[in-house]
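Residues per chain, in single letters:
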Amino acid sequence: MIEVNDLSKDFKVYHHRKGFFGSFVNLFSRKHRIVQAVDKVSFTVARGEIVGYLGPNGAGKSTTIKMLTGILVPSSGSVTVNGYIPHRQRKENAKHIGVVFGQRSHLWFDLPVQESFELLQRIYRIPEAEYRQNVEVFEELLNLGDFFRTPVRQLSLGQRMRADIAAALLHNPDVLFLDEPTIGLDVVAKARIRQFIQRINTERQVTVVLTTHDLDDVEKLCKRVILIDNARLRFDGELTALRRLLSTERLLSVDYAEAYPDVSIPNADIVYQEGARVQYRFSPEEISAADLIGTILKKFRIVDVSIQEPDIEDLIKTVYEDNLTLERKLAEPLSPDI
Amino acid sequence: MKSLYLTFHVYLAFARKSFQKQMQYRVANLAGLTTNFFFLLVQVFVYIAFYKASTEPQPLSIDDIITYFVLCQASLMLMPLWGGREIADTIKNGSVALQLTKPVDFQTYWFVDECGRAYYYLFMRGLPTFLISNLFFTVTIPQQPSVLLAFAVSMVLAIFMSAAITITIFSTAFWTLDTTGISGIAASVITFFSGMLVPIALWPEWLAHIAGWLPFGGLIDIPFSIYLGKLAGIEIWIAIGKQTAWCLFFMGFGRVLLSRGFSRLVIQGG
């Protein structure tokens, strides 16, 4: 569905001189340097996949999305979406993709949502029956009914976002690009949008490429993630694999039958202790969870026990802050799961 | 052929929506109507005063002058640069890039958007201004159907030309980001050389000659001269031909400018 090969994009960034004299000089000579926004990124996305495209601010996420949607021309490398080259066949490509940018609206600011939809129907030449059916389904799933006749400028952020996502799907695109679709939304609105994306993906086999800073979005929606940092691809694979790769430490919470005075266990550090409840930190490389629980059971009587995986937020932070760790780990074979 | 019809249909819908969009600002329009009428009074009384002070024969009668300025005020909102802010804004804030994800042609889209706006103001501002003025002044109305027809054609061309000029000027936002300067200069040149301030018929010959070589008379001078019956027969055809030529020129020029702007955008990222 999407094929990206050695995709790169450089920008010229002009150097602005400071001060009054400087801005005068700027008029005549401008120095620039080349900044690589995306550097030899390659990946493929199959039909029906939901891929999380993640990275810190300025990593090159939006630039990649813009090249996939035909807004930017790549400096080198190749892109095809649906068999079309987006920047060469802009209008053709546009007919088969849906795009939502969380920060900006596609809808006509002064028109009611319904009118915007009708215009889109004309633009994409959506047959009447298909249009009616889509509007009906989206109206129900996204609760558009309450504000369907309200001008877009009067909508709340959550309402606008829902309208924007529905608008991007009216013409039954094969691929949906979502650039931070949940930015600034409350928990309920986020949940509703995630559910909707999930449903559209399963029912219509729409391929979804999602960029987000909200890791809940990733956990709920994406099986596969692509990590990009400093313009380069850092990781491409299953979310669980990423987690396994990076999870050096786990937490074990134990509720003891009584408050024992000394609950120390070899190879595990006590994070906190409060009455009969104790939390340990351990590294699966040193001791497996099974061995750890075994040791505890030999010494004490317990009521309850639970293991917490680190959440991906922490994982990704590790990646961003310490790229070397990941590169080193990627070089090693995956250790078997415990 | 069918695809051409469908395309036409899409852009017709855009024009209609643009008309509807303006409907949202009804109070603003009412306020504008009052302002129009106020300016009309000032202009007309100044000219009445001039005419009373002068004993020389004038190329336009006082009734012609009054009718001319009624028409000017009625079509004020159809002139270039009243609309089109949106174009400059979308370019400036970058959302124009977003529009590239839609399968439409931009110049055509903006053009019909401008036309839709113009037709709104033709009916909601122009017509009321014209009718109200009739209550206070003697406004002449051409009796020959052929003159009315020629005027209608010329007026449509004036609107097209206005839209094309607006798009051309605001698409400079790709390079300048702030179009206040260029649109300010353009506005004064257009206001003067279209004959909106002083009818070109009253200008000294050498200046009128210069105006004849410029496109802007096509916005005001040509359609209203036709209306007042100052042009006849072949002159009408020549005038309309001139309007058409300038119209095509601005559309072509605007298209070149836009496509260069867009290619700059897709390569440099705006």
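Bear in mind the structure is a predicted one, so any value in this text is a computation, not a measurement. (Residues numbered from 1 in each chain as written. Chains lettered and ligands numbered in written order. Predicted model: local features only at pLDDT ≥ 70, side-chain atom pairs only at ≥ 80, totals over all residues. Heavy atoms only, no water.)

> Can you lay out the overall build of chain B for me, pointing to particular residues and giving the numbers?
A count of helices and strands for chain B gives 12 helices and 0 strands. Its helices and strands in sequence order give chain B the pattern α-α-α-α-α-α-α-α-α-α-α-α, from N to C terminus. Taking 2.2 N^0.38 as the reference for a compact globule, 270 residues should give roughly 18 Å; the C-alpha atoms of chain B span a radius of gyration of 20 Å, in line with that estimate. On the principal axes, the C-alpha backbone points of chain B span a range of 65 × 40 × 40 Å. Burial statistics for chain B: of 270 residues in total, 51% are counted as buried. Sequence separation of at least 24 residues holds for 82% of the intrachain contacts in chain B that already meet a minimum separation of 6. When the accessible surface of chain B is summed, it comes to about 13100 Å², and 72% of that surface belongs to carbon and sulfur atoms. (Helix = DSSP H or I, 4+ residues; strand = E, 2+ residues; numbered from the N terminus. Rg over C-alpha atoms; globule rule 2.2 N^0.38 Å. Buried < 20%, exposed > 50% of the residue type's maximum accessible area, 1.4 Å probe, protein only. Contact = heavy atoms within 4.5 Å. Areas by Shrake-Rupley, 256 points an atom, 1.4 Å probe, with all protein chains shown as cover.)

> Quick one: what's the story with the packing of helix α6 (residues 106–136) of chain B against helix α7 (residues 145–170) of chain B, residue by residue and with numbers?
Residues and elements named next belong to chain B. Their axes nearest at 9 Å, the elements α6 and α7 cross at an angle of 130°. As summarised for this structure, α6 and α7 are arranged oblique, according to the angle between their axes. As α6 packs across α7, the resulting crossing turns out to be right-handed. Residues Q107, W110, F111, E114, C115, A118, Y119 and L122 of α6 lie in contact with α7, whose contacting residues are V156, I159, F160, A163, A164, T166 and I167. For the contact of α6 with α7, a count of residues per class yields 12 nonpolar, 2 polar and 1 charged. (Axes fitted to C-alpha atoms, helices over the stretch in contact; angles between N-to-C directions. Parallel < 35°, antiparallel > 145°, perpendicular 65-115°, else oblique. Left-handed = near helix turned anticlockwise from the far one by under 90°. Nonpolar A, V, L, I, M, F, W, Y, C, P; charged D, E, K, R; others polar.)

> Residues and numbers for helix α2 (residues 61–68) of chain A, please.
Most of α2 of chain A is tucked away: 6 of the 8 residues are buried. Directly after α2 of chain A, the chain includes G70 of chain A, whose backbone phi takes a positive value near 85°.

> Summarise the interface of chain A and chain B; cite the residues concerned and give the values.
Listed by partner, the interface residues are 30 residues for chain A and 32 residues for chain B. Of the roughly 2900 Å² buried between chain A and chain B, counting both surfaces, carbon and sulfur atoms make up 58%. Of the charged contacts in the structure, one is a salt bridge between E118 of chain A and K17 of chain B, with a shortest N-O distance of 3.7 Å. Counting across the chain A and chain B interface gives 6 residue pairs in polar contact (both at pLDDT 80 or more). Secondary structure elements with two or more residues in the side of chain A that touches chain B: β1 (2–15), α3 (90–96), β5 (97–101) and α4 (113–123) of chain A. At 6 residues, α4 of chain A tops the list of elements feeding residues into the side of chain A that touches chain B. (Buried area = accessible area lost by both parts, 1.4 Å probe. Salt bridge = Lys/Arg side-chain N within 4 Å of Asp/Glu carboxyl O. Polar contact = N/O pair within 3.5 Å; in protein donor to acceptor, adjacent residues only side chain to side chain.)

> Help me get a handle on unusual backbone geometry, residues and values and all.
All names here are of chain A. The phi dihedral of Q205 falls on the positive side, at around 55°, and the residue is not glycine. On the accessibility criterion, Q205 (39% relative accessible area) is partly exposed. Phi is positive for A231, close to 75°, though the residue is something other than glycine. In this structure, A231 sits in the loop between β8 (224–229) and β9 (232–238).

> Summarise a nonpolar patch on the surface; cite the residues concerned and give the values.
A surface patch of nonpolar side chains, amounting to about 500 Å² of accessible area, comprises F38, F39, V42, V46 and F50 of chain B. Checked against the element boundaries, V42 of chain B lands in helix α2 (residues 26–53). (Patch = residues over 30% accessible without salt bridge, like charges linked within 9 Å, V, L, I, M, F, W, Y side chains within 5 Å.)

> So what about the nonpolar core? Which residues, and what values?
I2, F117 and F177 of chain A together with F14 and W110 of chain B are the most contacted members of the largest nonpolar core, which totals 161 residues. No other element matches α7 of chain B, which puts 12 residues into this core. Residues in contact with W110 of chain B, not counting those within four places in the same chain, are I87, T90, I91, V96, Q99, I167 and L258 of chain B. Formed by 15 residues, the second largest nonpolar core is a distinct cluster that contains Y256, I265, A268 and I296 of chain A. (Core = buried A, V, L, I, M, F, W, Y, C linked by side-chain atoms within 4.5 Å.)

> So what's going on with the confidence of the model for chain A? Residues and values would help.
One rule of thumb: low pLDDT means the predicted coordinates there are not for detailed reading. Residue and element names in this part refer to chain A. Scored by pLDDT, chain A comes out at a mean of 84, with 86% of its residues at no less than 70. By mean pLDDT, helix α12 (residues 323–331) is the weakest element of chain A at 55, and strand β7 (residues 207–211) is the strongest at 93. Note that pLDDT drops below 50 for residues 333–338; the model gives that stretch 8 contacts with residues more than four away or on any other chain. (pLDDT = per-residue confidence, 0-100.)

> Mind laying out the pattern of salt bridges, listing which residues take part and the relevant values?
Residues and elements named next belong to chain A. All chains considered together, the criterion is met by 18 salt bridges over all chains. In this structure, D110 engages R153 in a salt bridge whose closest nitrogen and oxygen atoms are separated by 3.1 Å. Of the two residues, D110 is situated in the loop between β5 and α4 and R153 in the loop between α5 (128–142) and α6 (157–169); the sequence distance between them amounts to 43 residues. For D110, a relative accessible area of 10% gives the class buried. With relative accessibility at 30%, the residue R153 sits in the partly exposed group. Taking the shortest distance from any N to any O, the salt bridge between R224 and D236 comes out at 2.9 Å. Placement of R224 in strand β8 and of D236 in strand β9 is noted, with a sequence separation of 12 residues between them. Of the residues examined, R224 reaches a relative accessible area of 13% and is grouped as buried.

> So what about the sheet that holds strand β10 (residues 250–256) of chain A? Which residues, and what values?
Residue and element names in this part refer to chain A. Pairing is antiparallel across the open sheet formed by 4 strands, whose spatial order is β11-β12-β10-β13. The open sheet is flanked by β11 (268–274) and β13 (302–308), the only strands paired with a single partner. Going across the sheet, the axis of each strand differs from the next one's by a mean of 20°, ignoring polarity. The pairing of β10 with β13 spans 6 bridges and is antiparallel. Its bridge partner lying in β13, L251 is registered against Q308. (Pairing = 2+ DSSP bridges.)

> How would you explain the sheet that holds β9 of chain A if you had to name every residue and give the values?
All names here are of chain A. Taken in spatial order, the 6 strands of this open sheet run β5-β6-β7-β3-β8-β9, and their pairing is mixed. In the strand order of this sheet, the two ends are held by β5 and β9, each with one partner. Averaged over all pairs of adjacent strands, the angle between their axes in this sheet comes to 15°, without regard to strand direction. Note: β8 against β9, 6 bridges, orientation antiparallel. Bridged to L227 within β9 is F235. Lying on the sheet, α6 is in contact with β5 and β6 (175–179); it crosses β5 at an angle near 165°.

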